[in-house]
Amino acid sequence: MMTKLTFYTNPMSRGRIARWMLEETGADYETVLLHYGPEMQSDNYKAINPMMKVPAIVHGGKTVTECGAICAYLAEAFPDAGLAPLPEERADYYRWMFFAAGPWEQASTNRAMGFNVPSEHSGMAGYGDFERTLATLTSILDDRPHICGDRFTAADIYVGSQIAWGVQFGTIPTTPRLTNYISRGMARPAFQRATEKDDAEMDGYGPETPPANA
Ligand SMILES: N[C@@H](CCC(=O)N[C@@H](CS)C(=O)NCC(=O)O)C(=O)O
């Protein structure tokens, strides 16, 4: 019997990263769209993610939240997709998945909101400072076509999406190498299917849009 897989998202959110990963696996899944505000803060959804944020998945009764964890979990749950790391790719895979989820998410969010770590406190901040974190993130691709080397893995979906979003929102300066990397990801059929599905659901799901029955 097929294990039930439910995807909680908003089409205008980081849920797009999880959707791309879901489409790469070829798995059947049910999508539950949530409006920002009361729907994400409802008791029903709080039972799934007490952070009241999307995305989340529930697979066989188990919940996974956090985009990076969702990508890594799905890569292992659906091994036929070939997106989990090979033994020799594991060091890069875990290193950069955690780097993107921790230091980079913090550094880029703080930068977008105009928060700067005072230089005398950079030793206490997990990411040190924005410039160092940015230089480290973009250096990953200096000597390789993918995050773990020669092969596309789930790390290219998660870390790659962070890079693509950073370039799109101007947090990461564009370079020909990054543009080429991002284009290769966007050319994948699973990325295109995921984007089509999310784009088709955009109406009425923006951050300023309350649910119809609010
Ligand atoms: N670290 C989380 C971030 C999740 C997140 O911040 N999601 C935003 C949308 S992009 C959200 O649900 N915001 C709704 C809210 O906080 O009210 C992840 O990687 O999944």
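Treat the numbers as computed from the prediction; the structure is a model and nothing was measured.

Engineer: Hey, could you run me through the site of the ligand in this one?
Structural biologist: As a structural note, the neighbourhood of the ligand is formed by Ser13, Arg14, Tyr36, Met40, Lys53, Val54, Pro55, Glu66, Cys67 and Glu105. Within the backbone of Cys67, one N or O atom sits 3.1 Å away from an oxygen atom of the ligand.

Engineer: Which parts of the structure should I look at to understand the domain arrangement of the chain?
Structural biologist: A common way to express how large an interface is: the accessible area buried when the components associate. As far as domains go, the chain holds domain 1 (5-81) and domain 2 (87-192). On a C-alpha basis, the centroid separation for the pair domain 1 and domain 2 is 21 Å. Contact with domain 1, which involves 14 residues of that partner, is made by 16 residues of domain 2. Summed over the three residues of domain 1 that lose the most area to domain 2, namely Ile17, Trp20 and Glu24, the buried surface amounts to 49% of that side. Connecting domain 1 to domain 2 are two salt bridges. A salt bridge links Arg14 to Glu105; its shortest N-O distance comes to 3.4 Å. Where domain 1 packs against domain 2, one counts two residue pairs in polar contact (both at pLDDT 80 or more).

Engineer: I keep staring at the environment of Thr31 and nothing clicks. Help me out?
Structural biologist: Residue position: Thr31 is located in strand β2 (residues 30-33). Sequence separation between Thr31 and Asp129 is 98 residues, and the spatial gap between their C-alpha atoms is 37 Å. The residues contacting Thr31, other than those within four sequence positions of it, are Phe7, Thr9 and Arg19. At a separation of 3.2 Å, a polar atom in the side chain of Thr31 contacts the side chain of Arg19.

Engineer: Got a minute to help me understand the nonpolar core in this structure?
Structural biologist: When a protein is soluble and globular, its nonpolar side chains tend to lie buried together. Ile147, Val159 and Ile163 are the most contacted members of the largest nonpolar core, which totals 46 residues. Only β1 (5-9), α1 (15-25), α3 (67-77), α4 (90-112), α5 (130-139), α6 (154-169), α7 (176-186) and α8 (189-200) provide two or more residues apiece to this core. When residues of this core are sorted by domain, at least three fall in each of domain 1 (5-81) and domain 2 (87-192). Residues in contact with Val159, not counting those within four places in the same chain, are Trp96, Met97, Ala100, Leu137, Ile140 and Ile147. Of all hydrophobic cores here, the second largest spans eight residues; its members include Tyr8, Met40, Tyr45 and Ala56.

Engineer: When you look at the UniProt feature "domain: GST N-terminal" (unreviewed entry) in the chain in this model, what are you seeing that I'm missing?
Structural biologist: As annotated in UniProt, the feature "domain: GST N-terminal" (unreviewed entry) corresponds to residues 2-82 in the numbering used here. A helix fraction of 32% and a strand fraction of 21% characterise residues 2-82, whose end C-alpha atoms lie 20 Å from each other.

Engineer: Can you walk me through the packing of α6 against α7 in this structure?
Structural biologist: In helix packing, the relevant descriptors are the interaxial angle and the interaxial distance, both defined with respect to the helix axes. Closest axis-to-axis distance for the α6/α7 pair is 10 Å, and the angle between their directions is 125°. In terms of axis orientation, α6 runs oblique to α7. Every pair of crossing elements has a handedness; the one defined by α6 and α7 is left-handed. Touching Asp156, Gly160, Ile163, Ala164 and Val167 of α6 are Leu178, Tyr181 and Ile182, all from α7. Of the residues belonging to the contact of α6 with α7, the class tally is six nonpolar, one polar and one charged.

Engineer: Help me understand α4, please; the structure alone is not making it clear to me.
Structural biologist: Because the α-helix completes a turn every 3.6 residues, residues three or four places apart line up on one side. Spanning 23 residues, α4 covers 31 Å between terminal C-alpha atoms, matching the ideal 33 Å at 1.5 Å per step. Along α4, the helix axis deviates most sharply at Trp104, where the bend reaches about 40°. Among the residues of α4, those classed as buried are Asp92, Tyr93, Trp96, Met97, Phe99, Ala100, Trp104, Glu105, Ala107, Ser108 and Asn110. Buried residues along α4 sit against α3, α5 and α6. Just downstream of α4 lies Gly114, where phi reads positive at about 80°.

Engineer: How should I be thinking about the pairing of β2 in this particular structure?
Structural biologist: The side chains of a regular strand alternate between both faces of the sheet. As defined by bridge partners, β1 adjoins β2 across four bridges and the pair is classed as parallel. Considered in β2, the bridge of Thr9 is made with Leu33. Taken together, β1, α1 and β2 form a β-α-β motif whose crossover is right-handed.

About the criteria used
Residues numbered from 1 in each chain as written. Predicted model: local features only at pLDDT ≥ 70, side-chain atom pairs only at ≥ 80, totals over all residues. Heavy atoms only, no water. Near = heavy atom within 4 Å. Polar contact = N/O pair within 3.5 Å; in protein donor to acceptor, adjacent residues only side chain to side chain. Domains from an automatic or database assignment. Contact = heavy atoms within 4.5 Å. Buried area = accessible area lost by both parts, 1.4 Å probe. Salt bridge = Lys/Arg side-chain N within 4 Å of Asp/Glu carboxyl O. Helix = DSSP H or I, 4+ residues; strand = E, 2+ residues; numbered from the N terminus. Core = buried A, V, L, I, M, F, W, Y, C linked by side-chain atoms within 4.5 Å. Buried < 20%, exposed > 50% of the residue type's maximum accessible area, 1.4 Å probe, protein only. UniProt positions renumbered as here; feature names shortened; annotations may be inferred. Axes fitted to C-alpha atoms, helices over the stretch in contact; angles between N-to-C directions. Parallel < 35°, antiparallel > 145°, perpendicular 65-115°, else oblique. Left-handed = near helix turned anticlockwise from the far one by under 90°. Nonpolar A, V, L, I, M, F, W, Y, C, P; charged D, E, K, R; others polar. Expected span 1.5 Å × (residues − 1). Bend = angle between axes of the 7 residues up to and from the residue. Pairing = 2+ DSSP bridges. Right-handed = clockwise from strand over helix to strand, strands pointing away.

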